Amino acid sequence: MLTVTVTNADGYPIPNLKRDAFMVLDNKEPQKIGFFYAQDTPASVGILFDMSPSMFYDASKLNAAIKGVWQFIQQSNKANKYFVVGFQGQPELLIDWTSDANAILDVLNKLGSFRQSKDGAALYDACLFGIEKLKQNSNMKSILLLISHGNDNSSHHQANEVQHGLKGSSVAVYSLGLMNPALDIYAGYDSDIHTPVNHRTPAAQKIYASYGRGLLEGLSSSSGGKAFFPLEVAEFPKIFARLALQLRHQYVVGFYPANLKDDGKWHTIKVSVKPVQTRDESKPDRPVVTMTPKVRTREGYYAPKP
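Remember, it's a predicted structure, so these values are computed and weren't measured experimentally.

Each value, and the rule that gives it
- Residues numbered from 1 in each chain as written.
- Predicted model: local features only at pLDDT ≥ 70, side-chain atom pairs only at ≥ 80, totals over all residues.
- Heavy atoms only, no water.
- Buried < 20%, exposed > 50% of the residue type's maximum accessible area, 1.4 Å probe, protein only.
- Helix = DSSP H or I, 4+ residues; strand = E, 2+ residues; numbered from the N terminus.
- Pairing = 2+ DSSP bridges.
- Salt bridge = Lys/Arg side-chain N within 4 Å of Asp/Glu carboxyl O.
- pLDDT = per-residue confidence, 0-100.
- Contact = heavy atoms within 4.5 Å.
- Axes fitted to C-alpha atoms, helices over the stretch in contact; angles between N-to-C directions.
- Expected span 1.5 Å × (residues − 1).
- Parallel < 35°, antiparallel > 145°, perpendicular 65-115°, else oblique.
- Left-handed = near helix turned anticlockwise from the far one by under 90°.
- Nonpolar A, V, L, I, M, F, W, Y, C, P; charged D, E, K, R; others polar.
- Polar contact = N/O pair within 3.5 Å; in protein donor to acceptor, adjacent residues only side chain to side chain.

What follows is about the pairing of strand β1 (residues 2-7). Counting buried positions along β1 gives five out of six residues, so the element sits mostly inside the fold. Here β1 pairs with strand β15 (residues 294-296) via three bridges, running antiparallel. The residue of β15 that forms the bridge with Thr7 is Lys294.

Within the structure shown, the criterion is met by five salt bridges. The shortest N-O distance in the salt bridge between Arg248 and Asp40 comes to 2.7 Å. Highlighted residues: Arg248 in helix α7 (residues 235-248) and Asp40 in the loop between β4 (33-37) and β5 (43-50), separated in sequence by 208 residues. Judged by relative accessible area, which is 30%, Asp40 ranks as partly exposed. Between Lys110 and Asp106 there is a salt bridge whose closest N-O contact spans 3.3 Å. By relative accessible area, which is 43% here, Lys110 ends up partly exposed.

Moving on: the confidence of the model for the chain. Confidence in the prediction for the chain averages 86 pLDDT; 86% of positions are at 70 or higher. Averaged over each element, pLDDT in the chain is lowest for helix α6 (residues 202-223) (73) and highest for strand β2 (residues 22-26) (97). Contacts from residues 181-201, a stretch scored under 50 in pLDDT, to residues over four places away or in other chains number 45 contacts.

Right, let's get into the sheet that holds strand β6 (residues 81-87). If you trace the six strands from one edge of the open sheet to the other, you get β7-β6-β5-β8-β9-β10, paired in mixed fashion. The open sheet has two edge strands with one neighbour each: β7 (91-98) and β10 (226-228). Neighbour-to-neighbour, the strand axes of the sheet open up by a mean angle of 15°, direction not taken into account. When β5 meets strand β8 (residues 141-148), the two strands line up parallel, connected through seven bridges. Bridge pairing links Leu48 to Leu146 in β8. Contacting β5, β6, β7, β8 and β9 (171-177), helix α4 (residues 123-134) runs over the sheet at an angle of about 160° to β8.

What follows deals with helix α1 (residues 59-75). With 17 residues, α1 extends 24 Å from end C-alpha to end C-alpha; this agrees with the ideal 24 Å at 1.5 Å per step. Looking at α1, one finds that the buried residues are Lys61, Leu62, Ala64, Ala65, Ile66, Gly68, Val69, Gln71, Phe72 and Ile73.

The contact between α4 and helix α5 (residues 159-167) brings their axes to 9 Å, and the two run at 20°. One element, α4, and the other, α5, form an angle in the roughly parallel class. Here the hand of the crossing between α4 and α5 comes out left-handed. Note on element contacts: α5 touches α4 through Ala159, Glu161, Val162, Gly165 and Leu166, opposite Tyr124, Cys127, Leu128 and Ile131. Split into classes, the residues belonging to the contact of α4 with α5 amount to seven nonpolar, one polar and one charged.

Glancing now at the side chain of Ser155. Structurally, the position occupied by Ser155 is in the loop between β8 and α5. Here the side chain of Ser155 touches Leu123 through a polar contact of 3.5 Å, landing on its backbone nitrogen. At 3.1 Å, the side chain of Ser155 forms a polar contact with the backbone nitrogen of Tyr124. Ignoring any residue separated from it by four or fewer positions in sequence, one finds Ser155 in contact with Ala122, Leu123, Tyr124 and Asp125.

Further remarks concern the environment of Pro237. Looking at the element boundaries, Pro237 is found in helix α7. For Pro237, a relative accessible area of 39% corresponds to the partly exposed category. Placed 166 residues apart in sequence, Pro237 and Gln71 show a C-alpha to C-alpha distance of 7.5 Å.

This is how it looks when you write it as structure tokens:
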């Protein structure tokens, strides 16, 4: 079962596609689609919020992210279920399964009271906690909404364990990176060199920021999700609105893998969509154009083990 996001070049979802518009390749071999669903279905969403000191460096962005989560819930399917995990030195369940946007907003507004000034960021542990937690809910769509600067310096688990967990599940990660675009300075600590980041040279700060961005992009793209890196507070409402819209217009595509062996091996998946004709509805005088949609889904799956 694949959750598939289909958008135009600007990130707006393309609705009303039919089964025959999709093609699925399993290890480069075409597959027969046995299940297709194009309706707005409820999702299970785990919200992972980084509470390490560096996240509180820019209060305006932090507040914009909190309001954005509330906006995202308001604009999403009303039957969605959510939980919230905050993480510093370890993940902590702040609110269990709920559909109450105001209850979630109340918890997020109190993040400052939960944090400890010298704790690190156990991002990998939080992701694995979220993946396991999502297994409790039976919705077809499973989402992790990760809000962080992309640094991990406290986890007991490693990045490859998180990737393995994502590959063995249907969870898609959507990341919001709260970066400082001016100086790339964070008031946190690095587990390898134990040096306050805002005391490093500009070159070291750039490397640190690039690492965080790469980490978030890697988790998101491999799972079929997407990473966002807003530069200005004004971008936050647009990002969360676009994300809610995309999730409500996803497709669920299922197939029975041909010649599947119980060998536990990794299978690479690629989903493509035929070119579609579209028109900018805000400019009806413009002609219809043919475009190749952008498609996102998970990278693959593991075959059953013998």
